[in-house]
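One letter stands for each residue in the lines below.
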2 protein chains.
Amino acid sequence: MSTPDQSPAFIDDATLLPAIVQDAATGQVLMLAYMNREAYAETLRTGKAVFFSRSKGRLWRKGEESGNEQLVRQLLLDCDRDTILLRVEQLGGAACHQGYASCFFRQVTPTGLEIIAEKVFDPVAVYGREGH
Amino acid sequence: MSTPDQSPAFIDDATLLPAIVQDAATGQVLMLAYMNREAYAETLRTGKAVFFSRSKGRLWRKGEESGNEQLVRQLLLDCDRDTILLRVEQLGGAACHQGYASCFFRQVTPTGLEIIAEKVFDPVAVYGREGH
């Protein structure tokens, strides 16, 4: 089945496309995850970010464990329709399972990675373990 | 060879990791491209964004044809070190080969894709052809 020109360029049901998540209010890039056709369709239908987790091997409704759901305020496609950009309202103030607002909490410096953010929540308290 | 914990999680020289490019001044997400180990190393060394182009099958020095280079102001890694975020100064005011500031110039709406930006340059004048 061909992909309509109005949709992301999923070749088939197994295609994964990167989805960038940006805070709609602040412009901060929060995370990147992947969507298959089913995750994209559910995201459109529910207005909440749904991804395909490569590690879990199944749909991942963002916030299903932490409660930190992402409410989609705007959805954009790039010129090749092979990347999705979600502009969201991040519930709970943190996207990262390590407790930071953004997964991009480390800057590359000449001497290594430097943490440039403060934790918003304690991952152990939320998930019962760290870095799951 | 194992990947040092301070570097992106390239498994080998063929690994491609997504790199998000964000305008450092405005926060606008400009594009997504891919880096291999070599592209990442050259980006670090030169301070200009270099990607691995999957369509060209070679390193792609952003702006090599258009002159619209990206000067890297900040480089971040995500929690899994498998996504790179470049915060850049975009020369020429446009990242997209179709002439828009951002590749994400189309919004998904209930009736299809809607262009939400104005072109910054004419792709035919810059590249001699459209949508290359």
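The paragraphs below set out a description of the structure included in this document. (Residues numbered from 1 in each chain as written. Chains lettered and ligands numbered in written order. Predicted model: local features only at pLDDT ≥ 70, side-chain atom pairs only at ≥ 80, totals over all residues. Heavy atoms only, no water.)

Some points on the relation of the copies chain A and chain B
- Mapping chain A onto chain B calls for a rotation angle of 180 degrees and an axial translation of 0.0 Å; the resulting RMSD is 0.0 Å. Here the copies are linked by what is in effect a two-fold axis. Among all residues of chain A, the minimum C-alpha distance to the rotation axis is found for Gly27 of chain A, at 2.7 Å. (Least-squares fit on C-alpha atoms with pLDDT ≥ 70 in both.)

Quick look at the environment of Ala49 of chain B
All names here are of chain B.
- With respect to the helices and strands, Ala49 occurs in the loop between α1 (37-46) and β3 (50-53).
- With relative accessibility at 2%, the residue Ala49 sits in the buried group.
- In the structure, Ala49 is positioned 14 residues away from Gly63 in sequence and 8.9 Å away in space, judged by C-alpha atoms.
- Beyond its immediate sequence surroundings of up to four residues, Ala49 is in contact with Thr43, Trp60, Arg61, Lys62, Gln70, Val72 and Leu86. (Helix = DSSP H or I, 4+ residues; strand = E, 2+ residues; numbered from the N terminus. Buried < 20%, exposed > 50% of the residue type's maximum accessible area, 1.4 Å probe, protein only. Contact = heavy atoms within 4.5 Å.)

Remarks on the pairing of strand β6 (residues 84-90) of chain B
Residues and elements named next belong to chain B.
- Across the seven residues that make up β6, a large majority, five, are buried.
- Of the pairings in the sheet, the one linking strand β1 (residues 17-23) to β6 comprises five bridges and is parallel in character. Each bridged residue has a counterpart across the sheet, and for Gln22 the counterpart in β6 is Arg87. (Pairing = 2+ DSSP bridges.)

Considering the interface of chain A and chain B
- Counting residues at the interface gives 36 residues for chain A, matched by 36 residues for chain B.
- Interface of chain A and chain B: buried area, both sides summed, is about 2900 Å²; carbon and sulfur atoms make up 62% of it.
- Here chain A is connected to chain B by two salt bridges.
- Across the contact surface, chain A and chain B share 18 residue pairs in polar contact (both at pLDDT 80 or more).
- At the level of secondary structure, the elements contributing two or more residues to the side of chain A that touches chain B comprise β1 (17-23), β2 (29-35), α1 (37-46), β5 (70-77), β6 (84-90), β7 (106-109) and β8 (112-115) of chain A.
- Per element, the largest residue contribution to the side of chain A that touches chain B is four residues, and it comes from β5 of chain A.
- Of the residues contributing to the side of chain A that touches chain B, the split by class is 20 nonpolar, nine polar and seven charged. (Buried area = accessible area lost by both parts, 1.4 Å probe. Salt bridge = Lys/Arg side-chain N within 4 Å of Asp/Glu carboxyl O. Polar contact = N/O pair within 3.5 Å; in protein donor to acceptor, adjacent residues only side chain to side chain. Nonpolar A, V, L, I, M, F, W, Y, C, P; charged D, E, K, R; others polar.)

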